[in-house]
Amino acid sequence: MAYVITETCIGTKNTACVTACPVDCIYDAGEHFIINPAECIDCSMCMPECPVEAIYPGDEVPEYLQEYATKAAEFDYSGIAPGVEIN
Amino acid sequence: MADLEQRNLEEVKDLSVKEAVEIIRQAGIVGAGGGGFPTYFKYARPLPHLIVNATESEPGYWGDKLVHKEHLEEFLQLFEAMKTIFEFEQITLAVHEKDREWYADYQEHADGVFDVRYVPDTYALGEEKTLVKHSTESRVPRFVDNPDGTRRPGMPPDVGKIVNNSESLLNIYNALFLGKPLTTKFFTVYGEEVDTKVYEVPIGASVSEVLGIAGLDVENSGHLTVLDGGPYLHDVAIAQLGKGDAYVRRMTNSLFVIAQGRQGKEYAEIKTKCPEEGIVSLVGEVSGVNVPLGGGLLTPATPLVSEGDEVEYEQKIGEPVDQGFSVGVWASLGGEISSLENGIVAIAGGAIPQEEAEAEAEPSMAGGSQPRGEGEPFQEAGSSRGSK
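Parameters and conventions
Residues numbered from 1 in each chain as written. Chains lettered and ligands numbered in written order. Predicted model: local features only at pLDDT ≥ 70, side-chain atom pairs only at ≥ 80, totals over all residues. Helix = DSSP H or I, 4+ residues; strand = E, 2+ residues; numbered from the N terminus. Buried ≥ 20, exposed ≤ 12 C-beta atoms within 10 Å, placed from the backbone. Contact = placed C-beta atoms within 7 Å. Domains from an automatic or database assignment. Nonpolar A, V, L, I, M, F, W, Y, C, P; charged D, E, K, R; others polar. Pairing = 2+ DSSP bridges. Axes fitted to C-alpha atoms, helices over the stretch in contact; angles between N-to-C directions.

With that settled, the discussion passes to the overall build of chain A. Helix and strand content of chain A: 2 helices and 4 strands. Ordered by position from the N terminus, the helices and strands of chain A form the series β-α-β-β-β-α. Taken over the C-alpha atoms alone, chain A extends approximately 30 × 25 × 25 Å along its principal axes. Burial status across chain A gives 37% buried among its 87 residues. When contacts within chain A are restricted to residue pairs at least 6 apart in sequence, those whose partners lie at least 24 apart make up 73%.

Okay, here's the thing in structure tokens:
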């Protein structure tokens, strides 16, 4: 059950999560960062790093933020590299 | 009395929480899994459920699996005693699904209070919150409000769980039952140009010397890098083997040898074979050690020795202080105190021929290596972050 980056990342994009991720599964999705659920190993390293508490375990995402889980599941990760570099 | 002395099961059970915690503190036990968190503090406030983390996560590791295989009786005795001392309602050994067979002996001893639980094989870095989630119905809260209005990340004690590393628990057994302080570390040596080994090594031993014992031609291996850790989480111990040195820490879980210029993560698919000979002890086999009195989370212990003193193996060399977190420090090698600088006690032993010792241990003995985050729970991960 992958972790999910949600709303408060928008306008923040602090990058601490990207640095913390041991498997490089966090990508730049434009206005916020996004975790590729196919690559996330559920380690939770990113969650406490986020200064705006944007990251939730997949099964604890509040209903009103579910769209971020859906977006992460459907996002096209092909052709972009993980990390903070502009793709 | 909270002295380090031999005790039988009944005598250990008779210890109060306070006495047991003080023995663990005096014995110098810190989280062996990589956190380096002072173990005594985890038990100072008893909680209902102890989860023993046997989910060795980094690819290629064998240390915890061998520790459990070789010390079944010790673990069972310890669990028996801990149920009484700390009044645990549940003691759970958490293992990966793939290791079900390996831990079958433990499953046979499950009695309701002690149980074995299987968690998904997904690599999870031994992360405590994730382990709680996979092995219980509880969820560690994402964040918790402090009384002063600040917020901190949730921890297992917030839901009544203590998560402890397997080797740390064996160290607790050694302290409570055998009166033995912490002086050694179990870890795997593997990677390029070296056969996989699991050693029990005196804390503070030279990394180069250990790799030499493992069969590497250290002086002619400048094309290799040594990581203290595994493919995912590690510090660089020696960037170019043969140049500089580092020493074995209380939370060294592996010396992983990789080709210089490559990233640890490139080895994530590595498969290793469990060494047939099991755990090999290097106690008394190394020429010198650098033992830190503190570092990271730990306030340095007060040194009980001076330069030039002769010490015995397992002699106390540091008395814990009352400020912050502090633990007892013990000689991991018998010999002469060759220096006491920057909170590090260097002991020269001379177990191997002098010229060999000089060649292999000189950088370490000369203080060429600095302590790398001893006792810092979250700095470990920082190392692999730095590699990005």
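All names here are of chain B. The domain boundaries assigned to chain B delineate domain 1 (9–178), domain 2 (184–279) and domain 3 (288–365). Computed from C-alpha atoms alone, the centre-to-centre distance between domain 1 and domain 2 is 26 Å. Of the residues lining the interface, 18 residues belong to domain 1; the matching set on domain 2 comes to 23 residues. Counting residues per element, the side of domain 1 that touches domain 2 draws most heavily on helix α4 (residues 63–70), which supplies 4 residues. Considered class by class, the residues forming the side of domain 1 that touches domain 2 number 8 nonpolar, 7 polar and 3 charged.

What follows covers the interface of chain B and chain A. Every contact between the two is made by 17 residues of chain B and, on the other side, 14 residues of chain A. For the side of chain B that touches chain A, the elements supplying multiple residues, two or more each, are α7 (128–135) and α11 (379–386) of chain B. When residues of the side of chain B that touches chain A are assigned to their parent elements, the largest contribution, 3 residues, is made by α11 of chain B. For the side of chain B that touches chain A, the class distribution of residues is 8 nonpolar, 3 polar and 6 charged.

Sheets are built from strands that pair by backbone hydrogen bonding, the pairs being arranged parallel or antiparallel. Residue and element names in this part refer to chain B. Spatially, 4 strands are ordered β3-β2-β1-β6 in an open sheet, and the strand pairing comes out parallel. Edge strands, defined here as strands with exactly one partner in the open sheet, are β3 (114–119) and β6 (161–165). The mean angle between the axes of side-by-side strands here comes to 25 degrees, regardless of whether they run parallel or antiparallel. Pairing analysis gives 5 bridges linking strand β1 (residues 49–53) to β6, with the strands arranged parallel. Its bridge partner lying in β6, N53 is registered against N165.

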